[in-house]
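Chain by chain, the residues run as shown.
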Amino acid sequence: MISLAGRDILHSWGKFVFTGFGLGLLIGVTLVMAGVYRGMVDDGKVLLDNSGADLWVVQKDTLGPYAESSSINDDLYRSILALPGVTHASNVTYLTMQVRMDERDVRSMVVGIVPGESWGAPGWPPYLVAGRQITRGHYEAVADVATGFKLGDILTIRRNRYTVVGLTRRMVSSSGDPMVFIPLKDAQEAQFLKDNDAIWQSRRRTEVNPAFNRPGVPGLLDAINASQASSNSVNAVLVRIAPSAVPDEVAESIRRWKRMTVYTRAQMEEILIGKLIATSSKQIGMFLVILAIVSAAIVAFIIYTLTMDKIREIAVLKLIGTRNRTIAAMIMQQALALGVIGFAVGKITATYAAPLFPKYVLLMPQDSIVGFFAVLVICALASVIAIRMALKVDPAEAIGG
Amino acid sequence: MSGKGIRINGLRKRYGEGDTAVDALKSVDMQVAPGEVVGLVGPSGSGKSTLLKCLGAVIAPTAGEMVLGDEVIYDDGWRVRDLRALRRDKIGFVFQAPYLIPFLDVTDNVALLPMLAGVPNGEARKHALDLLTALDVQHRARAVPSQLSGGEQQRVAIARGLVNRPPVILADEPTAPLDSERAMAVIRILNEMAQEYETAIIVVTHDEKIIPTFKRVYHIRDGVTHEEAGEGKGFE
């Protein structure tokens, strides 16, 4: 038996290809939307992977340092290092801000790390694609290539200028902002230090306060001013544990003895993916559902129209003895063919369009496979209306009168 | 009558019920022998189309008897379970407009019926080509319907009606869209094919030019048929 659907498609291939192309663009948008969600999840996982930490020690009762603000003393890491099972403990700060270079600025996550530590310390960029790691205590930076900065560029963060000495790749925040690493002291200053006017105001108020400016106590006022102008806070301590240590046990030890909140990798992943990007994922999920409904409606409409154009032929086919299932198969095969054409166009479009998006779009093969079968199911369901209409056609319509 | 042909006795068809009931066919008696071409003529609303639909097993008569070949297909109820197969295997249709499938070429338009009946594609196409040769349209075998003239399309439609060698062919105004010359050519072909394939052909027509070509003509008026001898001109 010949394929009626195939012959019809070959006969009016232009109509099918152009319709499939239009549908394909819609499917391409759907695939990109799925890719945006995957990219957000991947950004979150990459952030955790690249931090090189097994545990995150943060301010008590906070979800820091990524989902909430967290502030802890920068000398806490020493006592954590002394606990059994801990091999590395590093201070780190995170601050999302606009980093300027000349006339342009780039939304970035500025990460403060301790320079001079051994290669691969927690918080450091795990690898570079150009240049070197930060070795000096001030005014050097390592930037992700997504910032567009190059080696030797001079960046402005707050009131200081930094020279880009290294470039790294895929170092992004959970919201996809590329990272710029600077020395910890500079980062603390950038995050916690007040501006000159604020410092002046603060000193003036301290000076007029008799409790801080007592006669006969020389040096008290200077000491208080100095403490107000300096920062000794960080956002978190990243902890790496020995291979033999159990993360939950070490975390419990820190919680008990240091009275801090500690997250393991699994808990931090849950915070990032389950809480931080949960709303965004729901938003994207809603878009995916809407796009699926719109695609189904379009396929249904197209197949219905194509079938309406063939009502007379269908009546003739039924009159001359064609089985209902042959006619139904013809319509469904055309809907599926339209889906296949649309998916091919959509996949190609998404593949070429994904790198053009400002945020990371991760097109995963399993999403494409699921998407392909979803398109086929949608097309099959969408053809049901046209099939019902075709099966209701009276063969007597082929006979005049 | 031999084993083929069609016989109809006291066929009736009523639409609706009660006060609104309409008797479209009140009493139809017909008999067409194998190899015979008869005309069925009548004014609009006389019941031609209803009769054609009953004969084509598209709608069920209300009462009466229809015998196709040796088989009683209707006797106050269908005696055949699969009407679709009956239409496919035992009844050929030729319409006023050819109604060829636009996305199939000429060969496959004709070969489709045997293919639907389960005949292998190659065999069905060979049989179709033989018929197209007999109807002198074999040179357009690979063309699609839109590339054919009206006369060629009608000949292909006749080939489609004949391809399963049905005992009866119902032709619904097959010459309506054609000029006189082509109309006569179509009637000549129908006569030749009826003889060659021993098929009974009923031609529904309004065409005054071709009515004299029939040896027998059934007139239908108000749902009742009357047989008359025709002139049988031109195809003796």
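What you see is a predicted model; the values in this text were computed from it and never measured.

Assigned secondary structure in chain A consists of twelve helices and twelve strands. The C-alpha radius of gyration computed for chain A amounts to 31 Å, which surpasses the reference 21 Å derived for 401 residues by more than 25%, pointing to a less compact arrangement than a globule. With respect to the principal axes defined by its C-alpha atoms, chain A has extents near 120 × 50 × 45 Å. Across the 401 residues of chain A, 48% fall into the buried class. In chain A, of all internal contacts separated by at least 6 residues, the share reaching a separation of at least 24 is 73%. By element, 60% of the accessible surface of chain A is carried by carbon and sulfur atoms, the whole surface being about 19300 Å².

Moving on to the domain arrangement of chain A. Residue and element names in this part refer to chain A. Here the domain parsing of chain A yields domain 1 (4-44 + 278-398) and domain 2 (60-193 + 231-259). If you average the C-alpha positions of domain 1 and of domain 2, the two centres end up 47 Å apart. Between domain 1 and domain 2, the residue contacts involve six residues of the former and six residues of the latter. For the domain 1 and domain 2 pair, buried surface summed over both sides reaches about 430 Å², with 40% attributable to carbon and sulfur atoms. If you sort the residues of domain 1 by the area they bury against domain 2, D43, K359 and Y360 come out on top, with a joint share of 79%. The tally of links between domain 1 and domain 2 comes to two salt bridges.

Residues and elements named next belong to chain A. With respect to the helices, strands and loops of the structure, G28 is situated in helix 2 (residues 13-51). According to the relative accessible area criterion, G28 is buried, its value standing at 3%. In contact with G28, other than residues within four places in its own chain, are G346 and A350.

Contact residues are listed per partner, giving 26 residues for chain A and 25 residues for chain B. Between chain A and chain B lies a buried interface of about 2500 Å² when both sides are counted; carbon and sulfur atoms form 67% of it. Note that R7(A) is salt-bridged to D108(B), the shortest N-O span being 2.5 Å. Where chain A packs against chain B, one counts six residue pairs in polar contact (both at pLDDT 80 or more). Within the residue set of the side of chain A that touches chain B, elements represented by two or more residues are helix 1 (4-11), helix 10 (311-319) and helix 11 (324-353) of chain A. In terms of residues, the side of chain A that touches chain B owes the most to one element, helix 10 of chain A, which gives six residues. Its residues assigned to classes, the side of chain A that touches chain B comprises twelve nonpolar, six polar and eight charged.

Turning our attention to the packing of helix 5 (residues 196-208) of chain A against helix 6 (residues 220-229) of chain A. When two helices pack together, their arrangement is given by the angle between the helix axes and the distance between those axes. Residues and elements named next belong to chain A. The N-to-C vectors of helix 5 and helix 6 enclose an angle of 150°; their axes lie 10 Å apart at closest approach. The angle between helix 5 and helix 6 falls in the class roughly antiparallel. Like other packed secondary-structure pairs, helix 5 and helix 6 cross with a definite hand, here right-handed. Residues S202, R203, T206 and E207 of helix 5 form the contact with helix 6, whose own contacting residues are L221, I224, N225, Q228 and A229.

Turning to a nonpolar patch on the surface, a few remarks are in order. A cluster of nonpolar side chains, contributed by M286(A), I290(A), V294(A) and I298(A), occupies part of the molecular surface with about 330 Å² of accessible area. Examined against the element boundaries, M286(A) turns out to sit in helix 9 (residues 278-308).

Time to look at the packing of helix 2 of chain A against helix 11 of chain A. Residue and element names in this part refer to chain A. Across the interface, helix 2 lies against helix 11 with an axial gap of 6 Å and an inter-helix angle of 55°. Considered as vectors, helix 2 and helix 11 are oriented oblique to each other. The two elements helix 2 and helix 11 meet at a crossing, and its hand is right-handed. The segment helix 2 lies against helix 11, with F16, V17, T19, G20, F21, L23, G24, L25, I27, G28, L31 and V32 engaging Q334, L338, G339, I341, G342, F343, V345, G346, K347, T349 and A350. Broken down by class, the residue content of the contact of helix 2 with helix 11 amounts to 13 nonpolar, nine polar and one charged.

With that settled, the discussion passes to helix 4 (residues 121-134) of chain B. Residues and elements named next belong to chain B. In this model, helix 4 (14 residues) spans 20 Å end to end at C-alpha, consistent with the 20 Å of a helix rising 1.5 Å per residue. Every buried residue belonging to helix 4 is among A124, A128, L131 and L132, and all of these are buried. Each buried residue of helix 4 sits inside an arc of 100° when the element is viewed along its axis, so together they form one side. Away from the buried face of helix 4 by more than 90 degrees, exposed residues G122, E123 and K126 are located. Looking at the buried residues of helix 4, the elements they touch are helix 3 (106-116), helix 5 (150-162) and helix 6 (180-197). At the exit of helix 4 stands D136, carrying a positive phi of roughly 65°.

Enumeration according to the criterion identifies 19 salt bridges over all chains in this entry. The salt bridge partner of K90(B) is E71(B), with a shortest N-O separation of 2.9 Å. Taken as a pair, K90(B) in helix 2 (residues 83-90) and E71(B) in strand 5 (residues 71-75) lie far apart in primary sequence, 19 residues in all. According to the relative accessible area criterion, K90(B) is partly exposed, its value standing at 29%. The network of salt bridges with shared partners includes R7(A), D108(B) and R125(B).

Next up on the list: the nonpolar core. With 120 residues, the main nonpolar core has L11(B), L51(B), L112(B) and I202(B) as its most contacted residues. What L112(B) contacts, discounting residues up to four positions off in sequence, is M1(A), I2(A), L4(A), L317(A), I320(A), I101(B) and L104(B). Counting 25 residues, the second largest nonpolar core, distinct from the first, contains W56(A), V92(A), I113(A) and M171(A).

A few words now on the side chain of Q334(A). All names here are of chain A. Its location among the elements puts Q334 in helix 11. Polar contacts involving the side chain of Q334 include one to the side chain of K310, which spans 3.3 Å. The residues contacting Q334, other than those within four sequence positions of it, are A5, D8, I9, F16, I303 and K310.

Quick look at unusual backbone geometry now. Residues and elements named next belong to chain A. Positive phi outside glycine occurs at R158, with the angle close to 55°. Turning to its location among the elements, R158 is positioned in the loop between strand 7 (154-157) and strand 8 (160-168). Of the residues examined, R158 reaches a relative accessible area of 46% and is grouped as partly exposed. At R259, a residue that is not glycine, the phi angle is positive and equals roughly 50°.

Turning to the side chain of T147(A), a few remarks are in order. Residues and elements named next belong to chain A. Relative to the assigned elements, T147 resides in the loop between strand 6 (140-144) and strand 7. Among the polar contacts listed, one links the side chain of T147 to the backbone nitrogen of F149, at a separation of 3.2 Å. Each residue touching T147, except ones within four places of it in the same chain, is listed here: R104, V106, S108, P178, M179 and V180.

Here we take up the pairing of strand 4 (residues 104-113) of chain A. Residues and elements named next belong to chain A. Strand 4 sits mainly inside the fold: seven of its ten residues count as buried. One ladder, built from nine bridges, connects strand 3 (residues 86-101) with strand 4; its direction is antiparallel. Paired with V99 across the bridge in strand 4 is V106. As defined by bridge partners, strand 4 adjoins strand 9 (residues 179-183) across five bridges and the pair is classed as parallel. Residue G112 lies in a different strand from strand 9, and its bridge partner there is I182.

The rules we used
Residues numbered from 1 in each chain as written. Chains lettered and ligands numbered in written order. Predicted model: local features only at pLDDT ≥ 70, side-chain atom pairs only at ≥ 80, totals over all residues. Heavy atoms only, no water. Helix = DSSP H or I, 4+ residues; strand = E, 2+ residues; numbered from the N terminus. Rg over C-alpha atoms; globule rule 2.2 N^0.38 Å. Buried < 20%, exposed > 50% of the residue type's maximum accessible area, 1.4 Å probe, protein only. Contact = heavy atoms within 4.5 Å. Areas by Shrake-Rupley, 256 points an atom, 1.4 Å probe, with all protein chains shown as cover. Domains from an automatic or database assignment. Buried area = accessible area lost by both parts, 1.4 Å probe. Salt bridge = Lys/Arg side-chain N within 4 Å of Asp/Glu carboxyl O. Polar contact = N/O pair within 3.5 Å; in protein donor to acceptor, adjacent residues only side chain to side chain. Nonpolar A, V, L, I, M, F, W, Y, C, P; charged D, E, K, R; others polar. Axes fitted to C-alpha atoms, helices over the stretch in contact; angles between N-to-C directions. Parallel < 35°, antiparallel > 145°, perpendicular 65-115°, else oblique. Left-handed = near helix turned anticlockwise from the far one by under 90°. Patch = residues over 30% accessible without salt bridge, like charges linked within 9 Å, V, L, I, M, F, W, Y side chains within 5 Å. Expected span 1.5 Å × (residues − 1). Arc of directions from axis to C-beta. Core = buried A, V, L, I, M, F, W, Y, C linked by side-chain atoms within 4.5 Å. Pairing = 2+ DSSP bridges.

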